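Results of the structural survey
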Amino acid sequence: MLDIQLLRADLAQVADRLATRGIALDTAAFAALETERKTLQTRTQDLQAKRNSLSKQIGMLKGKGEDASAVMAEVAGLGGELKANEEALAQLQERYNAFVAVIPNLPHASVPVGQDEHGNVEVLRWGTPRVFDFPAKDHVEIGEKLGGLDFETAVKISGARFSVMKGGIARLHRALAQFMLDTHTAEHGYTEVYVPYLVNPDSMFGTGQLPKFEEDLFQVPRADGTKLYLIPTAEVPVTNIVRNEIVDLAKLPLKFVCHTPCFRSEAGSYGRDTRGMIRQHQFDKVELVQIVHPEKSWQALEELAGHAEAILQKLELPYRKVALCTGDMGFSAAKTYDLEVWLPAQNTYREISSCSNFEAFQARRMQARFRNEKNKPELVHTLNGSGLAVGRTLVAILENYQRADGSVAIPKALAGYMGGMEALELPR
RNA sequence: GGAGAAGUGGCCGAGUGGUCGAAGGCACGCCCCUGCUAAGGGCGCAUCUGGGCAAAACCUGGAUCGAGGGUUCGAAUCCCUCCUUCUCCGCCA
């Protein structure tokens, strides 16, 4: 959520910056809401003040054993008008909140301006895509020949956009998650956490998935009429650890790493990436989350992206780092770097990690604060990034490490996680 | 699932209809005293938010005692619903 004071004080500038995201802020509507709010709120609070002081008088008179009936008659006359004003104000607040809740974050000054993914700016490339002396196959063909990827069975069990893994590929998938967790905890200073995969609406609001993106989420209705949501990313439960909390200054930064499945309905993506494991309803991801002092968040973003990059480098997977442009960034982000891994079969780089600084946008929705140097509560800054998406990392390894005979070499960094196995071999 | 108890500031904890946004303690901050390792004294110290006001200082309001409703001129206090925690019983990986 944006700072309401900023909207009131500098509406035109906010609108300009949102325009770079392709968002047309209805400034007239906001100004109208604001005017209405001002008069209603002032009127209501005046009435409340009057009622409060008269009621206090009644208390004093009764305390002294004197007659209070005259004052009581006076305050009784306020009732109807006060109630009407309070109700009108509550309704207005609801409209006001609904208006503000769907305004995305403002892009940081360093974010390239652009309309869509074509405006993204490559920051760096690492590694050299391998040149194959045989026709490179895609991960679906590789995995099926190895007997380890089975999409038909997944369709039978659940439907499209699910996968079944077996044998060495299932183990490689598990090994990747373990490897990532171990690296981030041992080398990058993150604390491993385990969290719920079903969360309540307040948590989804806190990180910005609600109210605007409900159609992207899987819902679990409950008998009492409430519902839970399957997490689309560990960002949601992990960041919400600090919702409604005031963290000690000395505890910052909080750095969490968490391996979870992620569930996305992928509404509106029919026909995109239908083949293979690239776009699934369920996939595993190791997520990095940082809760930091506001003055440290931009440095933290660079570090966090570096932590994700370290995984790709250890696995020796060529990748590039891209700064998303204003038009391509997610709702809550002030700035986002995508890491894109080289996929030989697609002959292109594909997103494998997304690292963002949300500044106080999520913290304000969550009321996540710390006690600052003056001992006053102040909003924290939140960041997160994939470190990495496990399924897509598996795809990258299958494709980049494939050999002419259909087997797949195991990256050296994973040796300790694969029981000494050096390659996934074809079944005889 | 059944029975009972409870949720108050950063923490502990008092407060069953009226000068209560809330005693007291701990922690924290500033100051004083003392020179000797530990204490004594004073002051301050919840959050969000409106208006005067464009901003600072300042002034003046409103809301908040788990959440939401209700009763009342007035609710931390009474009533209802929900949530959470604890104890006992049942069930269970």
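Our subject is the structure that appears above.
Residues numbered from 1 in each chain as written. Chains lettered and ligands numbered in written order. Predicted model: local features only at pLDDT ≥ 70, side-chain atom pairs only at ≥ 80, totals over all residues. Heavy atoms only, no water.

1. A short note on the packing of helix 3 (residues 27-63) against helix 5 (residues 79-101)
Condition: Axis lines are fitted through C-alpha atoms, for helices just across the contact stretch, and the angle between N-to-C directions can take any value from 0 to 180 degrees. The helix count covers DSSP runs of H or I at least four residues long, the strand count covers runs of E at least two residues long, and both are numbered beginning at the N terminus. Whether a crossing is left-handed or right-handed is set by the direction in which the near helix is turned from the far one by less than a right angle, anticlockwise for left-handed and clockwise for right-handed.
Remark: helix 3 packs on helix 5, axes separated minimally by 9 Å, with the N-to-C direction vectors making an angle of 145 degrees. Once helix 3 is placed against helix 5, the crossing between them reads as left-handed.

2. Let's talk about unusual backbone geometry
Heads up, the condition is: When accessible area is computed with a 1.4 Å probe and restricted to protein chains, residues below 20% of their type maximum are described as buried, those above 50% as exposed, and intermediate ones as partly exposed.
Cis geometry marks the peptide bond from Leu210 to Pro211; its omega dihedral reads 5 degrees. Inspection of the secondary structure assignment puts Pro211 in the loop between helix 9 (201-207) and strand 6 (219-221). Looking along the chain, the bond that leaves Leu252 and enters Pro253 is cis, with omega of -5 degrees. The topology assignment puts Pro253 in the loop between strand 8 (246-247) and strand 9 (254-263). Phi angles above zero are rare outside glycine, and Asn347 is one such case at about 55 degrees. Checked against the element boundaries, Asn347 lands in the loop between strand 12 (335-343) and strand 13 (348-357). Backbone geometry at Glu359 places phi at a positive 45 degrees, although glycine is not the residue there. Given the relative accessible area of 22%, Glu359 is considered partly exposed.

3. Structural notes on the sheet that holds strand 4 (residues 191-192)
For clarity, the threshold we go by: Any two strands with at least two DSSP bridges between them are considered paired. Any two residues whose heavy atoms approach within 4.5 Å are treated as being in contact.
The strand order across the open sheet formed by 8 strands is 1-11-12-13-16-10-9-4, and the pairing between neighbours is mixed. This sheet does not close on itself; its edge strands, each paired only once, are strand 1 (121-126) and strand 4. Alignment of strand 13 against strand 16 (residues 381-389), held across 3 bridges, turns out to be antiparallel. Pairing of Cys355 across the sheet is with Gly385, part of strand 16. Of the strands in this sheet, strand 1, strand 9, strand 10 (282-292), strand 11 (319-323), strand 12, strand 13 and strand 16 are in contact with helix 11 (residues 297-314), which crosses strand 16 at around 10 degrees.

4. So, the packing of aromatic side chains
Aromatic ring pairs are defined here through the distance separating the ring centres and the angle between the ring planes. Rule in force here: When the centres of two rings from Phe, Tyr and Trp lie within 6.5 Å, Trp using its six-membered ring, the rings pair. Their planes under 30 degrees apart give stacked, over 60 give edge-to-face, and anything left gives tilted. Look at NZ for Lys and CZ for Arg. If either is within 6 Å of the ring centre and within 35 degrees of the ring normal, a charge sits over the ring.
For the coordinates displayed, the defined rule picks out 9 aromatic pairs. Judged by centre distance (5.5 Å) and plane angle (80 degrees), the ring pair of Phe331 and Phe361 falls under edge-to-face. Of this pair, Phe331 sits in the loop between strand 11 and strand 12 while Phe361 is found in helix 12 (residues 361-366), placing the two residues 30 residues apart along the sequence. Members of the aromatic cluster, each reached through a chain of ring pairs, are Phe30, Tyr96 and Phe99. The side chain of Lys255 reaches across the aromatic face of Tyr190, ending 4.9 Å from its centre. It is Arg365 that lies over the ring of Phe205; its NZ or CZ is 4.2 Å from the centre.

5. Focus on the nonpolar core
Heads up, the rule is: Residues belong to a common nonpolar core when they are buried Ala, Val, Leu, Ile, Met, Phe, Trp, Tyr or Cys residues joined through side-chain atoms within 4.5 Å.
By size, the foremost hydrophobic cluster in this structure holds 52 residues, and its most contacted members are Leu176, Leu414 and Leu424. Top element by residues in this core is helix 8 (residues 167-188). It accounts for 8 residues. Once residues lying within four places of it in the same chain are set aside, the contact partners of Leu414 are Leu172, Ala175, Leu176, Phe179, Leu315 and Ile397.

6. Observations regarding the protein's contact with RNA strand B
Applicable threshold: We call a residue near a molecule or strand when any one of its heavy atoms sits within 4 Å of it. Here a polar contact is recorded for every N or O atom pair within 3.5 Å, except that within protein the pair must consist of a potential hydrogen donor and a potential acceptor, and residues adjacent in sequence are included only if both atoms are side-chain atoms. Residues are sorted three ways: Asp, Glu, Lys and Arg are charged, Ala, Val, Leu, Ile, Met, Phe, Trp, Tyr, Cys and Pro are nonpolar, and all the rest, Gly among them, are polar.
The local shell around RNA strand B holds 23 residues, among which Arg8, Arg37, Lys38, Gln45 and Ser55 are the closest. Looking at RNA strand B alone, sugar and phosphate atoms form 68% of those within 4 Å of the protein. Gln5 is positioned with one of its side-chain polar atoms (N or O) 3.2 Å from a phosphate oxygen of RNA strand B. For the surface near RNA strand B, the elements supplying multiple residues, two or more each, are helix 1 (4-9), helix 3, helix 4 (69-76) and strand 14 (369-371). Considering every element that reaches the surface near RNA strand B, the biggest residue donor is helix 3, with 14 residues. Its residues placed into classes, the surface near RNA strand B shows 6 nonpolar, 8 polar and 9 charged.

Purely spatial values, then, with no claim about function.
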